[in-house]
Each structure stands twice: as structure tokens, then as C-alpha cells.
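Reading the structure
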Amino acid sequence: MSTTTSAPPKIQTDLFINGRFVKAEDGRTAPTINPHDGSTIADVAQAGKADVDKAVKAAQAAFPKWSSLAASDRGKLLMRLADRIEERATELATLETMDTGHPMRDTTRLDVPRTAATFRYFGGMADKFEGAVIPVDQGFLNYTLRQPVGVVGQIVPWNFPLMFTSWKMGPALAAGNTVVLKPAALTPLSSLRIAELMAEVGIPEGVVNILPGAGSAVGQYIAEHRDIAKVAFTGSTDVGKKIVQASAGNLKRVQLELGGKGANIVFGDANVNAAVGGSAFAIFHNQGQACIAGSRLILHEAIADEFLEKFIRLAKSITIGNPLDPTTEMGPLTSLGHRDKVLGYVQIAKDQGGKVLTGGAAPKRPELAAGYYVEPTVVEADARHRVSCEEVFGPFVVVTKFKTDEEAIALANGTEYGLGGGLWTTNLQRAHLVARHMRSGMVWINCYKRVNPASPFGGVGASGYGREMGFEAMHHYTEVKSVWVNVDANIPPYYPRS
Ligand code: NAD
């Protein structure tokens, strides 16, 4: 097996508070595990409430200076960080691959470049995000200021930990906020390394604080904290609801990027070969551990047999293996518990009468036996079955068939989620019409899972609210202030009594 030959990545295992790596107040640590073989990569400090308080104080203290820095200077620092990430690309990709199981070919080609691109984009955005002058009553000037909200709590999941540090921190920092970020307990390493790179490029102490730890303790406390002005959360819908409840104490702003059950419709007039390749990427990239995964294949009956024959052949040909091997296309799932959950859904599918068309088990290869692997799995099921409605979050796609466009739209809109969905057709009118009727935050036509820092990302319904990326994200990380000025000496500064 050929593996990357670069030097081992630098591993930080302490909390990052006020510009320094420090132990947890109570000295607690927890192992972070390599999902390829179950070995411990490192023992990482686990924050508690006292550490959150310390981090919030540091972020509060840093806020006045950071928020009043010239926007272009904040931008310059974020762009410098993007450069530094690119200089450390192989190291960061290796770290991410070890911690998550995401194959090296993806962390190298997608995660790291996208992380750098996002910080660079928001670096450029910092001095381009403007208020407005509003035409109001004669004699008055009314303008808006876009001001940072303050200390922002950010909670991220384990599926794309590196990329999500940039999605969350890029706009927050560009707008002048300071940050307390909690990575998922399973995958803390890349965010800690990013914090170190931030310090190296000169982002001042206290502006960013990183607190690995348990969601139920640290995450919950961040969501409750009275001195945190906003919480931005990416994770499951169930935890999202808890965040909303916890946020009520100080009515903090909440932004939620939650689960999904992406509909991927292939119409009878689609280019089947393109749809097969795109649909495989949609569900099997990152072992299907993506909120926007195309986890429901909705196939027109005219092309269903041809599509499935080609799709299953492709699924079976995917190279599964050690994610550090540059030829590996699918690595392990990120944790043992999650692997078991995904395999549990195979049984649920069978129990409800679903038919496993391929996969449905761990690969039977001794060299992978200690890892958390699952074969690419294709299941045919009724739209009302649990596997068609619940998020599996693995390399597990459910197939249903349709006859009419109306039926396809109804199937697509048939879950409580509404994050991303795709459709494949050569009919221009159908493409735009169906896109308009899909109840989701994002639609991909003849492609799937495209993301870009300039393009809004987020969902509706049980997939949450608010948008990341682009100008939309900047709106969510700023408060708008309306300023009125009396500019006409002849106008009394109050309403006359008569
Ligand atoms: P999760 O909800 O279990 O955890 C997400 C984060 O929240 C983790 O850091 C966790 O420690 C923390 N957390 C857990 N309990 C908490 C609590 N009570 N209070 C505060 N924080 C708490 O999700 P996960 O299993 O890590 O990630 C998978 C989920 O994330 C999937 O549902 C997936 O769809 C979703 N996701 C959504 C998006 C999106 O942009 N919409 C992107 C990626 C993942």
C-alpha cells in the first residue's frame, strides 16, 4: 500500500484560550480515535464550564479591539491565514484524514483547498460589506451600520471539522466578532491546529478560542451562556432543538444548520451516465456523512433499470481502504457507534420490507476488520419506510420510483427536512420548474453537492434556519443599526405640538 510520505502532522491536544494552549481546569482528557483501526491518535483536553467561562472572558476582552480594527486589516489577517493553510496543506489533510477517516484524495483536493478559499473569501469580504443610505423623510439622513454581534459561540459536528471551522469562523471574524468554538468531541484535531496557525499569522489573542469537549456539557453551556450574543450550530436536528431552548435565557441569536435527507431526482430524459456518476458522488463522498448527501434516489421508471444497473456496478467498484492511501475512494465511518447506527438501518430497512440491492454490511477484508467500514449500500424501499424519511448519514442510499413530475416533486418534498436536493434532466423548463417547487435551501441541476464560499448554504424545515457563506452569512453575523440625522436646520428636532 502506498501512503503519503509527508512528515507526521503536528498534533495539539490542549484547549486554546486567549492565544495559548492550556490544560482543562479539571485536567480531563479523552482519546481521539483513528477510525481506520480504532487506535488512539492522542488524548485531548476536555473543556468544562470553567473553561467556557475563561474563553468567554477572553473573547469579551478581545472584542473592542478586534471589532474596531479597520475591516481591511481583519481581512488581511484572514487572507494570511488562507495562505498559511495552503502552505500546510499536506499536513492538515493528513490530520483530517487520520481523525475523520475521510480519504486523503478528498481532504487534499477538497477539504483543505475549500478551507483556505473560505477564509480568503471572507478576508476579501471584510471591507466590502456595507450599510446603506435609506431614502426617508425630507431633511433627514438615514443610514445603516452593520455592527458585529459580539462574542459568538460556534458548535460544529464531526463530518467536515476542518472545513466547518472556516465556514463558521470566516464570516464571524470578518464582521468583527470574537469566537468560542467547540469542535465535535470525536474530531478536535484540525480546529486546534487552525487555532495555532491563526496565532502564527497574527490574529490577536482572545479573538478565537477552541474548546474540545462533550456536547451535553460544553455545547449546552455555550448555548446557555449569558455573555454569548449568538450561537451558530451545525449538527443534528434533535440537538438543534435543544440549542434553541438553551438560547432563550438571554435571547441570543441562533443560526442552525441541521440534518438533511437529500432528494436526488433522475428524470426519464436525463443523461443517465452523468446522473450515475453525479449520484454516486452525492451519496458516497465522505462515506455519505454529509448533511447534503443525495440519500434518496428518486428515479423515473423509464430509466430506473438502466440507471440502477450502472449505479450498482459503480458502487461495487469503489475502492474502500485505509484513508491515508491516496488511491482510496471510501474510508471508514468516523466512529464505531455511528458505523453500528448505519448498519442498524440496514436491518430496519429489511424489517419494513425494503430490498438491499447491494452492500449492507462491513467489507469482509481482514485488513479492515478493526476499522469502522461499511460497503456502499443501495436499498429499494417505500417512501413511507423509516429509511426513506430518517437521516442515516452513511453510504446508504434509498431508491424509489416515479411516473410523473408531480409525483417526483411530492416524493422530494415528502420528509421533514429541506436542505439540499438535486435533479437530472435535459429539459430546461422542467429543470427550473422542479427546482422552484423543491422545498429545500439548495438545488443542484445536473450536478450535486456543489458549494462555494460565495453561494448561500442552509436549509428550511427540520434542516434549520439561517444561511452560511456569501453576503447572507455576513448578515447573520452583524446587527443592523439604523441611524437618523437631522440635516436641515429648518426642521425642528421634534414633532411640533400643532
Ligand atoms: P450532533 O448534533 O450530535 O453534534 C453536533 C455538535 O453539537 C457536536 O459538537 C456535539 O458535541 C454538540 N452537542 C451535542 N449535544 C449538545 C447539546 N445538548 N448542546 C449543545 N451542543 C451539543 O451531530 P453530529 O452527530 O456531530 O453530526 C451529524 C449531524 O450534523 C447530522 O444530522 C448532519 O446532517 C448534521 N450536519 C448538518 C450540516 C448542515 O450544514 N446543515 C452540516 C454537517 C452536518
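Section: the pairing of strand β18 (residues 442–445)
- Of the two faces of β18, the one holding Met-442 and Trp-444 is buried and the one holding Val-443 and Ile-445 is not buried anywhere.
- Sheet topology places strand β17 (residues 420–424) next to β18; four bridges connect them, and they run parallel. Among the inter-strand pairings, Leu-423 is bridged to a residue of β18, identified as Ile-445.
- In this region the chain leaves β17, passes through helix α14 (residues 428–437) and returns to the parallel neighbour β18; the handedness of that crossover is right-handed.

Brief notes about the pattern of salt bridges
- In the structure shown here, the tally under the stated rule is 26 salt bridges.
- Between Arg-20 and Glu-205 there is a salt bridge, with the nearest N and O atoms lying 3.7 Å from each other. Placement of Arg-20 in strand β2 (residues 20–22) and of Glu-205 in the loop between α6 (189–201) and β9 (208–210) is noted, with a sequence separation of 185 residues between them.
- Taking relative accessible area as the criterion, Arg-20 reaches 45% and is therefore assigned partly exposed.
- Residue Glu-205 is classed as partly exposed on the basis of its relative accessible area, which comes to 47%.
- Across the pair Glu-390 and Arg-386 runs a salt bridge, and its minimum N-O distance is 2.8 Å.
- For Glu-390, a relative accessible area of 25% puts it in the partly exposed group.

Some points on the packing of helix α2 (residues 71–87) against α6
- Packing of α2 against α6 leaves a shortest axis separation of 9 Å and a crossing angle of 125 degrees. If you check the angle between α2 and α6, you find them oblique. Two packed elements cross with a definite hand, and for α2 against α6 that hand is right-handed. Within the contact between the two elements, α2 uses Leu-77, Arg-80, Leu-81, Arg-84 and Ile-85 and α6 uses Ile-194, Leu-197, Met-198, Glu-200 and Val-201.
- The residue inventory of the contact of α2 with α6, partitioned by class, reads seven nonpolar, no polar and three charged.

Quick notes on the side chain of Lys-261
- Tracing the sequence through the fold places Lys-261 in the loop between β11 (253–257) and β12 (263–266).
- Although Lys-261 is buried, it forms no salt bridge, and the closest oppositely charged side chain is Glu-390 at an N-O distance of 8.0 Å.
- A polar contact of 2.7 Å, which involves the side chain of Lys-261, links it to the backbone oxygen of Val-387.
- A polar side-chain atom of Lys-261 sits 2.7 Å from the main-chain carbonyl oxygen of Glu-390.
- Setting aside its immediate chain neighbours within four residues, Lys-261 contacts Ser-295, Arg-296, Val-387, Ser-388, Cys-389, Glu-390, Glu-391, Val-392, Val-398, Thr-415 and Tyr-417.

Focus on the site of the ligand
- The full set close to the ligand counts 29 residues, and Val-156, Ser-236, Leu-258, Cys-291 and Glu-391 are the nearest of them.
- Taking Trp-158, its side chain carries an N or O atom lying 3.0 Å from an oxygen atom of the ligand.
- Compared with its free state, where it exposes 840 Å², the ligand has 89% of that area covered by protein.
- When residues of the shell around the ligand are traced back to their parent elements, those giving at least two are α7 (215–224), β10 (230–234) and α8 (237–247).
- The element contributing the most residues to the shell around the ligand is α7, with four residues.
- Partitioning the shell around the ligand into residue classes produces 15 nonpolar, 10 polar and four charged.
- Summarising the domain contributions, the shell around the ligand has at least three residues from each of domain 1 (15–258 + 463–482) and domain 2 (263–445).

Focus on the pairing of strand β6 (residues 140–148)
- Where strand β5 (residues 133–134) meets β6, two bridges bridge the pair, whose relative direction is antiparallel. Its bridge partner being in β6, Val-133 is matched across the sheet by Tyr-143.
- Counting the residues that bridge the hairpin from β5 to β6 gives five residues, and of these Gly-139 lies at a positive phi of roughly 90 degrees.
- In this structure, β6 lies alongside strand β20 (residues 478–486), joined through nine bridges in antiparallel fashion.

Brief notes about the sheet that holds β20
- Overall, antiparallel pairing links the three strands, which are arranged β5-β6-β20 in an open sheet. Of all strands in the sheet, those bounded by a partner on one side alone are β5 and β20.

Concerning the sheet that holds strand β14 (residues 355–358)
- Strands sit in the order β14-β15-β16-β13-β12-β17-β18 across an open sheet of seven strands; the sheet is mixed. Single-partner strands in this sheet number two, and they are β14 and β18. Put simply, the sheet's adjacent strands are angled 25 degrees from each other on average, direction ignored.
- Two elements, β14 and strand β15 (residues 377–380), share three bridges in a ladder whose sense is antiparallel. Bridging across to β15, Thr-358 finds its partner in Val-378.
- Taken strand by strand, helix α10 (residues 301–317) contacts β12, β13 (296–300), β14, β15 and β16 (396–402), and its axis lies near 140 degrees from that of β13.

Details of the domain arrangement of the chain
- Looking at the chain, the domain boundaries give domain 1 (15–258 + 463–482) and domain 2 (263–445).
- Computed from C-alpha atoms alone, the centre-to-centre distance between domain 1 and domain 2 is 30 Å.
- If you look at the interface, domain 1 gives 26 residues, while domain 2 gives 30 residues.
- Summed over both sides, the interface of domain 1 with domain 2 buries roughly 2,300 Å², with 59% coming from carbon and sulfur.
- For the domain 1 face of the interface with domain 2, the top three residues by lost area are His-36, Trp-158 and Ser-463, together amounting to 27%.
- Summed over the shared surface of domain 1 and domain 2, the result is zero salt bridges.
- Where domain 1 packs against domain 2, one counts 12 residue pairs in polar contact (both at pLDDT 80 or more).
- Elements with a minimum of two residues in the side of domain 1 that touches domain 2: α3 (89–100) and α4 (104–125).
- Here the element with the most residues in the side of domain 1 that touches domain 2 is α3; it accounts for five residues.
- Counted by class, the side of domain 1 that touches domain 2 contains 10 nonpolar, 11 polar and five charged residues.

Topic: the nonpolar core
- Ranked by internal contacts, the top residues of the largest apolar core, which has 91 residues, are Met-169, Phe-307 and Phe-311.
- Here this core gets eight residues from one element, more than from any other, and that element is helix α5 (residues 161–174).
- Discounting chain neighbours no more than four positions away, the residues touching Met-169 are Phe-119, Gln-154, Val-179, Leu-181, Ile-194, Met-198, Val-208 and Ile-210.
- Counting residues in hydrophobic clusters, the runner-up holds 26 residues, among them Ala-47, Ala-59, Phe-233 and Val-254.

Cut-offs and rules
Residues numbered from 1 in each chain as written. Predicted model: local features only at pLDDT ≥ 70, side-chain atom pairs only at ≥ 80, totals over all residues. Heavy atoms only, no water. Buried < 20%, exposed > 50% of the residue type's maximum accessible area, 1.4 Å probe, protein only. Helix = DSSP H or I, 4+ residues; strand = E, 2+ residues; numbered from the N terminus. Pairing = 2+ DSSP bridges. Right-handed = clockwise from strand over helix to strand, strands pointing away. Salt bridge = Lys/Arg side-chain N within 4 Å of Asp/Glu carboxyl O. Axes fitted to C-alpha atoms, helices over the stretch in contact; angles between N-to-C directions. Parallel < 35°, antiparallel > 145°, perpendicular 65-115°, else oblique. Left-handed = near helix turned anticlockwise from the far one by under 90°. Contact = heavy atoms within 4.5 Å. Nonpolar A, V, L, I, M, F, W, Y, C, P; charged D, E, K, R; others polar. Lys, Arg positive; Asp, Glu negative; His and termini not counted. Polar contact = N/O pair within 3.5 Å; in protein donor to acceptor, adjacent residues only side chain to side chain. Near = heavy atom within 4 Å. Areas by Shrake-Rupley, 256 points an atom, 1.4 Å probe, with all protein chains shown as cover. Domains from an automatic or database assignment. Buried area = accessible area lost by both parts, 1.4 Å probe. Core = buried A, V, L, I, M, F, W, Y, C linked by side-chain atoms within 4.5 Å.

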